[in-house]
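Structural characterization, general
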Amino acid sequence: MSAFADDPGHETASAMAAPSPMQVRDRLGFRFWLPAVWIAIVVALATTANLLPLPSPIETDFAALSNWPDRTHWFGTDQLGRDILSRAIFGARISLTVGLLAPALGLGIGMLLGMAAGYFRGRVEAVIAAAMDAVMAFPGILVVLAVTAYVGASVPLLVIVLGVLTVPTFMRVARANTLVFAQHDFVLAARAMGATHWRVLSLEILPNVVIPMLIYALLVISRIIVVEGVLSFLGLSLPAPWPTWGNMIADGQVDLATLPYIPFIPAALMFLTVLSINLIGERLRARTDLRGSAL
Amino acid sequence: MTDAGPALLEVNNLTTHFHTPRGPLRAVDGVSFSLRRGQTLGIVGESGSGKSALARTIIGILSKRRTTTTGRIAFEGRDLLTLSEPDMRDIRGRDIAMVFQDPTSSLNPVKRIGVQITEVLARHLGLRGCAARSRATELLTSVGLSLPEERLHQYPHQLSGGMRQRVAIAIALACDPKLLIADEPTTSLDVTIQAQILDLLHRRQKAHDMAMILISHDLGVVAGYTDAVAVMYAGQVVEQASTRSLFRNCRMPYTAALMRSAPNLSDPPHTRLRAIAGRPPDMVLPPPGCRFGPRCDHATDICRNERPTLSASDAVGAHLYACWHPVASPGASA
Amino acid sequence: MMSYFLRKLLRLGVVLLVVAAASFLLMTLLPGDVALALLGNDATPEAVAQVRAELGLDQPLLLRYLHWLGGFLRGDLGRSYITQVPVMESILDRLPVTIELMLLSQGLALLIAVPAGVLCAYKAGSRIDQFANAVALLLLAAPVFILAILLMFLFALKLRWLPSTGYVPFMTDPVRNLAHLALPALAIALAEWPSLFAVLRADMIRTLQQDYIALAKAKGLGPAFILFRHALRPSSFTLVTISGLQIAATIAGALVVETIFGLPGIGRMLTGAVYNRDMMLVQGCVAVISVGYVLINFGVDLIYALLDPRVRQ
C-alpha cells in the first residue's frame, strides 16, 4: 500500500491492484499457437524434404517454364521450369540450418563468456567486455562480405561468421542474468557451504540463465534468418542451383513485373516464418517477464 | 474557519477513482472542505491516504482516461470539473499552482531553470524575451536564491535540493496564483532546510494573500503553518477542525495515533516512536465499516459493520470527526 | 564538457586504430592467397611469386600494415586488382549516392517513428496505439529486400508512379534524383522505424509518469507542448543510441537496396567486388565503411551529451 504514497499515477495504482503472478499467467492463446503450428509445419517439411513426393528442386522442366500456380505445381514453376513448392521446401532447410546453428554457436560461446563476466566480475569482465566491444565496432554485414570474398560462399562458413557476430549480444544477456542470480540467497548459501566456482556456476546459475537465454535466442534466430536471406539474395550463401529463399527471391526479381508469384512466394514464406518466431518469442518473453532491460 | 467571506475553494463530496484491472480504486472518497483567501488548510495522513491524489484532482492533472472524478470543486464559484480542458489549462499555473514533493523529479532535468520559469510567464502573462527574463530574475530573488541571473542558465542538477525546491516555488508563484497546493514540499529535504522552505512559503502567502493547501504526513509541519487541518485516511477525511482545536482536542483515534507516532522535541532522547500497527486497507475493496477499524484499539462490532459519518462534535460545528468511539483527548487514549 | 569530449576523442582514436588494423588483418590473415585468387588455381609458382612481390605480399606483416595504414591516412587505398582504378577514387565516386540514401532513409524512419512513438505513448493502450504496434510488429518481420521488391512491384511496375531502377545525380536534376531514391529510401525506412518506434514509445511512457510532466501540466501547458518540448528530449536517449547502432542495419539495407534498384552506390560496388574477388576494393570499402560507422557512433555520443546536460559533467 505504501507504494501508492506519493504518486497517484496509474502505474502504481495498477501495480497495487495487480493480482498475484499466478493469476496473470493466462493461456498462451492463438497468438502463440498459430505461429507455433506454422513453424512446426515448416520444420517438418524441411526435415523430411527428401522423403516427400516432390519434383526435384534443381531439375529443369522445359515443358513447364514459368507456369503460374495450378493443380500440378501448387506454387507454379520458375523461369527454368523448376517446381517452386519443392524449391521452397528445400530452401527452408538452409534458412533453418543457418538460423538455428549460428545462434546456437553464439549462444554457447556467449553464455560461457557472459556467465564468467557476470560471476567473476573485475578484470575478467573488463577483458570480455572490451573484446565484445571490438566485435561490435564493425558493422556485421561487412565482416560476412569480406570473409565471403576471400573464402567463397559456403554454408558452414556462414554459420561460423554469423555465430561469432551474435556472441556479444548473447554475452550481455547472460551477464545481466548472472549478475542478478549471483546475488540471490541460494547462490550465496551455496558459496558459504564451500561449493566451488564451477559447481555454483553449473548447478546454481546455469539453470536460471539458460531459460531467458533460449527465449532471447528466438529473437536472434529470426534476425539471422533475415541476414541469411540478404546474403543468399546477394548470391553469397548456398551456391546455385540449390535453392534458398533468398536466391529464389533474387532469381524471381528479374521478372517481377510479369511473374510476381516467383519472388513473392518465397518472400511470403520467409515473412511468415520470421513473424511466427517473433510472435512466439514475444509471448514467451511476456510470460517469463524477461524484458529488453536485461541488456 | 467560521469567519465570514466567500470561499475561494469549495470542495464537495469529491471522489476520484483510478481504473485498475481489479476495479475502481477509491483514492479519494467523498471529501469536502472549503478554503478562503489567505487561509491555509493542512491535509495530513499516512502514505497512501489519498492526499496526493486529492491535490492532483483539484488541479486537474490526473489522466482522464485512467481516472473518474465526481463531486464538485468550486473555485471562485466555477465548478472546475465541468470546465473544458482549455479553460482548465488557463487556470492551472495562473490561478492554481502546485509545488511537488521532490524538486529533483519535478524539475525537467534537460531544461535550463530560466526556461522552466519563463515558459509559465509566456503561457499565462504573455511575457517574453527581456521582460520574462527580468521577471524570472525577480522571482528567483524573491524565493531567496543568490545570483539569480546565473541560475537562469543552470540546469537543475547543478543546484542543491533546497535551491531546487526554491526554484519550484518560484515557478509556482510566477503568476501570483490565488491558490497554492504544496504537496509535501519539504519531505525530500534536509531538516535544516525544511523550516526555511516552510517559512518562505508562509511569507509569500502572507504577501500575496494567497490560499494554500499544505499536504504533509508530518503533524509537526502542519501545526505551525496552518489555520485548519483535515486528517485523511484511506481516501476519506476522518477528522477536520481548526488547527488549534485539533491539536488541543482530537477525537478520532487515528489522529491520536498519528500524534503519538510523530517525534516530539520534548521527549527524552531515544524515546521509541510509536508506529501505527497494521497497514491501510485495500482501496479497491475497502472494509464495510470504519476504514480505520481493523487497526483501531477501540474498535467494536459497530465499527466493523457501519461506516461512521463526518459529524460535528460541538454546537458551533467547527470540529468534525468520523468515529463511533471518539477519544476524549490524546492524553486519555494513551 | 571539455573533459567528456576529450575522453570520447581518445576512445575514438583507439577504436579507429583497432578497426583499421582489423580491416587490414581480415584481408591478410584469412586462409587463401590473393595472388592465387587473382591468377586462378592453376597459376605457376613463378607467376604467383611475381604477383606477390608486385603487391608487396612478401614483406613482414607489421611492415605491410604500417605501409597500408600510411596509405590509408593519406587517402591512398591502393588500386583495384581488376580495373586498376585507385580504390579511393572509386569509393569517393560512389560514396555520395550511399550517403544520400542513408540520410534519406534514416530521416524517413525518424519521421515515421518519432510522431508515431510520441502519439502512441500519449495514447498508450488506445486503438491507435494497438494499430501502430501491430504494424510495427509486422514490419519488424519483413526483411528490407522483401519490402524493396514489394515497393518496386507496387509503385514502379504496377502504378508506375516512380522509376524502378537507375539513378540521376542530385546536381543534374534534384527532382529526378529524389524520384529514383524515394523507393529505396522508403524500403530501408519501413524496415528500420519499428525498432526506433518501440524504444521511443517505451521511454516516452516512462517519461510521461515523471513528476516534471505533472508539473508541466500544472503549469497549464498544452499536451503538444508538453509532449514535444518537455517529454521528447528526456525520452530520446535510447532512441539516439539505437539509431547509431541502427546505422549498421542501414548499411546492410543499402547494400541490397542499391543492388535491387540499380543505384551506383558503395554497397553495390562492394557486392560486385566480392563477386569478382577484387580484394583491394573489398578491403578499401570495408575500411572506409567501418571508419564511417565508428565516426557516426562517435557523433551519436556527442548528440547524447547535447541532449542530456547531466552527461557532460
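Residues numbered from 1 in each chain as written. Chains lettered and ligands numbered in written order. Predicted model: local features only at pLDDT ≥ 70, side-chain atom pairs only at ≥ 80, totals over all residues. Heavy atoms only, no water.

**Overview of the overall build of chain B**
Each helix and strand counted, chain B has 13 helices and 12 strands in total. Here the C-alpha atoms of chain B give a radius of gyration of 21 Å, agreeing with the 20 Å that 2.2 N^0.38 yields for 334 residues. C-alpha atoms of chain B, sized along the principal axes, occupy 65 × 50 × 45 Å. Expressed as a percentage of the 334 residues in chain B, the buried residues total 54%. (Helix = DSSP H or I, 4+ residues; strand = E, 2+ residues; numbered from the N terminus. Rg over C-alpha atoms; globule rule 2.2 N^0.38 Å. Buried < 20%, exposed > 50% of the residue type's maximum accessible area, 1.4 Å probe, protein only.)

**Some thoughts on the UniProt feature "domain: ABC transmembrane type-1" (unreviewed entry) in chain C**
Per the UniProt record, the feature "domain: ABC transmembrane type-1" (unreviewed entry) sits at residues 95–304 of chain C. When the span residues 95–304 of chain C is considered, its composition is 83% helix and 0% strand, and the gap between its end C-alpha atoms is 26 Å. (UniProt positions renumbered as here; feature names shortened; annotations may be inferred.)

**Some details on the packing of helix 7 (residues 144–158) of chain C against helix 11 (residues 237–261) of chain C**
Residue and element names in this part refer to chain C. Taken N-terminus to C-terminus, the directions of helix 7 and helix 11 make an angle of 30 degrees; their axes are 9 Å apart at the nearest point. When the interaxial angle is binned, helix 7 and helix 11 end up roughly parallel. In this structure, the crossing between helix 7 and helix 11 has a hand that is right-handed. For the pair helix 7 and helix 11, contact is made by Val-144, Phe-145, Ala-148, Ile-149 and Met-152 and by Gly-253, Val-256, Val-257, Ile-260 and Phe-261, respectively. (Axes fitted to C-alpha atoms, helices over the stretch in contact; angles between N-to-C directions. Parallel < 35°, antiparallel > 145°, perpendicular 65-115°, else oblique. Left-handed = near helix turned anticlockwise from the far one by under 90°. Contact = heavy atoms within 4.5 Å.)

**With respect to the environment of Val-99 of chain B**
All names here are of chain B. For Val-99, the location among the structural elements is in strand 6 (residues 96–99). Among the residues examined, Val-99 registers a relative accessible area of 0% and is labelled buried. In contact with Val-99, other than residues within four places in its own chain, are Gln-165, Ala-168, Ile-169, Ala-172, Leu-180, Ile-181, Ala-182, Asp-183 and Pro-185.

**Re the sheet that holds strand 5 (residues 78–79) of chain B**
Residue and element names in this part refer to chain B. One open sheet accounts for four strands, arranged 2-1-4-5; its pairing is antiparallel. Only two strands of the sheet have a single neighbouring strand rather than two, namely strand 2 (23–35) and strand 5. Pairing between strand 1 (residues 9–20) and strand 4 (residues 67–75): eight bridges, direction antiparallel. Within strand 4, the residue paired with Phe-18 across the bridge is Thr-67. Helix 1 (residues 51–59) contacts strand 1, strand 2 and strand 4 of the sheet and is inclined by roughly 70 degrees relative to strand 2. (Pairing = 2+ DSSP bridges.)

**Topic: the interface of chain A and chain C**
Listed by partner, the interface residues are 37 residues for chain A and 45 residues for chain C. Across the chain A to chain C interface the summed buried area is about 3,800 Å²; carbon plus sulfur atoms make up 79%. Looking only at chain A, the three residues that lose the most surface to chain C are Phe-138, Tyr-150 and Leu-234 of chain A, adding up to 20% of its buried area. Linking chain A with chain C are zero salt bridges, by the criterion used here. Taken together, the connections running from chain A to chain C amount to one residue pair in polar contact (both at pLDDT 80 or more). Listed by contribution, the elements that provide at least two residues to the side of chain A that touches chain C are helix 1 (10–17), helix 6 (140–151), helix 9 (197–233), helix 10 (245–253) and helix 11 (261–288) of chain A. Of the residues belonging to the side of chain A that touches chain C, the class tally is 28 nonpolar, seven polar and two charged. (Buried area = accessible area lost by both parts, 1.4 Å probe. Salt bridge = Lys/Arg side-chain N within 4 Å of Asp/Glu carboxyl O. Polar contact = N/O pair within 3.5 Å; in protein donor to acceptor, adjacent residues only side chain to side chain. Nonpolar A, V, L, I, M, F, W, Y, C, P; charged D, E, K, R; others polar.)

**Regarding the pattern of salt bridges**
Residue and element names in this part refer to chain B. Counted according to the given criterion, the structure contains 23 salt bridges over all chains. Across the pair Arg-291 and Asp-29 runs a salt bridge whose closest N-O atoms are separated by 2.6 Å. One end of the pair, Arg-291, is in the loop between helix 11 (253–261) and helix 12 (301–305); the other, Asp-29, is in strand 2, and 262 residues separate them in sequence. On the basis of relative accessible area, Asp-29 is assigned to the buried category, the value being 14%.

**What to know about the domain arrangement of chain C**
A common way to state how big an interface is: give the accessible area lost once the parts meet. Residue and element names in this part refer to chain C. Domain boundaries assigned for chain C yield domain 1 (2–74) and domain 2 (88–312). When each unit is reduced to the centre of its C-alpha atoms, the spacing between domain 1 and domain 2 is 32 Å. The interface of domain 1 with domain 2 comprises 15 residues on the first partner and 16 residues on the second. Regarding the contact of domain 1 and domain 2, the summed buried area is about 1,500 Å², with carbon and sulfur atoms giving 81% of it. Viewed at the interface, domain 2 and domain 1 are joined by zero salt bridges. In this assembly, domain 1 and domain 2 are joined by one residue pair in polar contact (both at pLDDT 80 or more). (Domains from an automatic or database assignment.)

**Looking at the packing of aromatic side chains**
Scanning the entire structure with this criterion turns up 15 aromatic pairs over all chains. Look at Phe-170 of chain A and Tyr-216 of chain A: their rings are 5.9 Å apart centre to centre, the planes differ by 85 degrees, and that puts the pair in the edge-to-face class. Of the two residues, Phe-170 of chain A is situated in helix 7 (residues 155–182) and Tyr-216 of chain A in helix 9; the sequence distance between them amounts to 46 residues. Centroid distance Trp-193 of chain C to Phe-197 of chain C: 5.3 Å. Interplanar angle 65 degrees. Geometry classified as edge-to-face. A residue pair is termed a helical-turn pair when its members lie 3 or 4 positions apart in one helix, as Trp-193 of chain C and Phe-197 of chain C do in helix 8 (residues 174–208) at four residues. Accessibility classification places Trp-193 of chain C together with Phe-197 of chain C in one group, the buried group. Following the ring pairs from residue to residue traces out a cluster consisting of Phe-24, Tyr-65, Trp-68 and Phe-72 of chain C. (Phe/Tyr/Trp six-rings, centres within 6.5 Å; stacked < 30°, edge-to-face > 60°.)

**Regarding a nonpolar patch on the surface**
Residue and element names in this part refer to chain A. Residues Leu-105, Ile-109, Ile-160 and Val-164 make up a contiguous nonpolar surface patch of about 300 Å² in total accessible area. Elements with a minimum of two residues in the nonpolar patch: helix 4 (84–120) and helix 7. By the secondary structure assignment, Leu-105 is in helix 4. Residue classification places Leu-105 among the partly exposed residues on the basis of a relative accessible area of 32%. (Patch = residues over 30% accessible without salt bridge, like charges linked within 9 Å, V, L, I, M, F, W, Y side chains within 5 Å. Areas by Shrake-Rupley, 256 points an atom, 1.4 Å probe, with all protein chains shown as cover.)

**Describing the confidence of the model for chain B**
Looking at chain B, the pLDDT average stands at 86 and 92% of residues meet or exceed 70. Below pLDDT 50 for its whole length, residues 330–334 of chain B participates in seven contacts with residues either more than four positions away or in separate chains. (pLDDT = per-residue confidence, 0-100.)

**Some remarks on the UniProt feature "transmembrane region" (unreviewed entry) in chain C**
Residues and elements named next belong to chain C. The residues that UniProt annotates with the feature "transmembrane region" (unreviewed entry) are residues 12–30, 101–122, 134–157, 177–200, 237–261 and 281–307. The span residues 237–261 carries 100% helix and 0% strand; its end-to-end C-alpha distance comes to 34 Å. Segment residues 281–307 splits into 100% helix and 0% strand. End C-alpha atoms: 38 Å apart.

**Structural notes on the pairing of strand 2 of chain B**
Residue and element names in this part refer to chain B. Two strands pair when backbone bridges link them, and strand 1 and strand 2 are joined in this way by 10 bridges, in the antiparallel orientation. Bridging across to strand 2, Phe-18 finds its partner in Leu-25. The hairpin formed by strand 1 and strand 2 contains two residues between the paired strands.

**Details of the nonpolar core**
Ile-205 and Phe-233 of chain A together with Trp-68, Phe-145, Trp-193 and Leu-270 of chain C are the most contacted members of the largest nonpolar core, which totals 168 residues. Counting contributing residues, this core receives three or more from each of domain 1 (2–74) and domain 2 (88–312) of chain C. Once you skip the residues sitting within four places of it in the chain, Ile-205 of chain A turns out to touch Met-115, Tyr-119, Thr-178, Ala-182, Val-187 and Val-200 of chain A. (Core = buried A, V, L, I, M, F, W, Y, C linked by side-chain atoms within 4.5 Å.)

**Concerning the sheet that holds strand 12 (residues 320–321) of chain B**
Residue and element names in this part refer to chain B. Spatially, eight strands are ordered 6-7-8-3-9-10-12-11 in an open sheet, and the strand pairing comes out mixed. Each edge of the open sheet is held by one strand with a lone partner, namely strand 6 and strand 11 (311–312). Where strand 9 (residues 228–233) and strand 10 (residues 236–242) come together, six bridges link them in antiparallel fashion. Bridge pairing in strand 10 links Met-232 to Val-237. Of the strands in this sheet, strand 6 and strand 7 (179–183) touch helix 7 (residues 161–173), which is tilted by about 175 degrees from strand 6.

**Regarding the UniProt feature "domain: ABC transporter" (unreviewed entry) in chain B**
Mapped onto the present numbering, the UniProt feature "domain: ABC transporter" (unreviewed entry) falls at residues 9–259 of chain B. Across residues 9–259 of chain B, the secondary structure splits into 41% helix and 27% strand, with the terminal C-alpha atoms separated by 28 Å.

**So, the packing of helix 6 of chain A against helix 13 (residues 279–307) of chain C**
The N-to-C vectors of helix 6 of chain A and helix 13 of chain C enclose an angle of 170 degrees; their axes lie 10 Å apart at closest approach. Comparing their axes, helix 13 of chain C and helix 6 of chain A come out roughly antiparallel. Along its contact with helix 6 of chain A, which presents Leu-142, Ala-146, Ala-149 and Tyr-150 of chain A, the element helix 13 of chain C presents Met-279, Val-282, Val-286, Ile-289 and Ser-290 of chain C. For the contact of helix 6 of chain A with helix 13 of chain C, the class distribution of residues is eight nonpolar, one polar and no charged.

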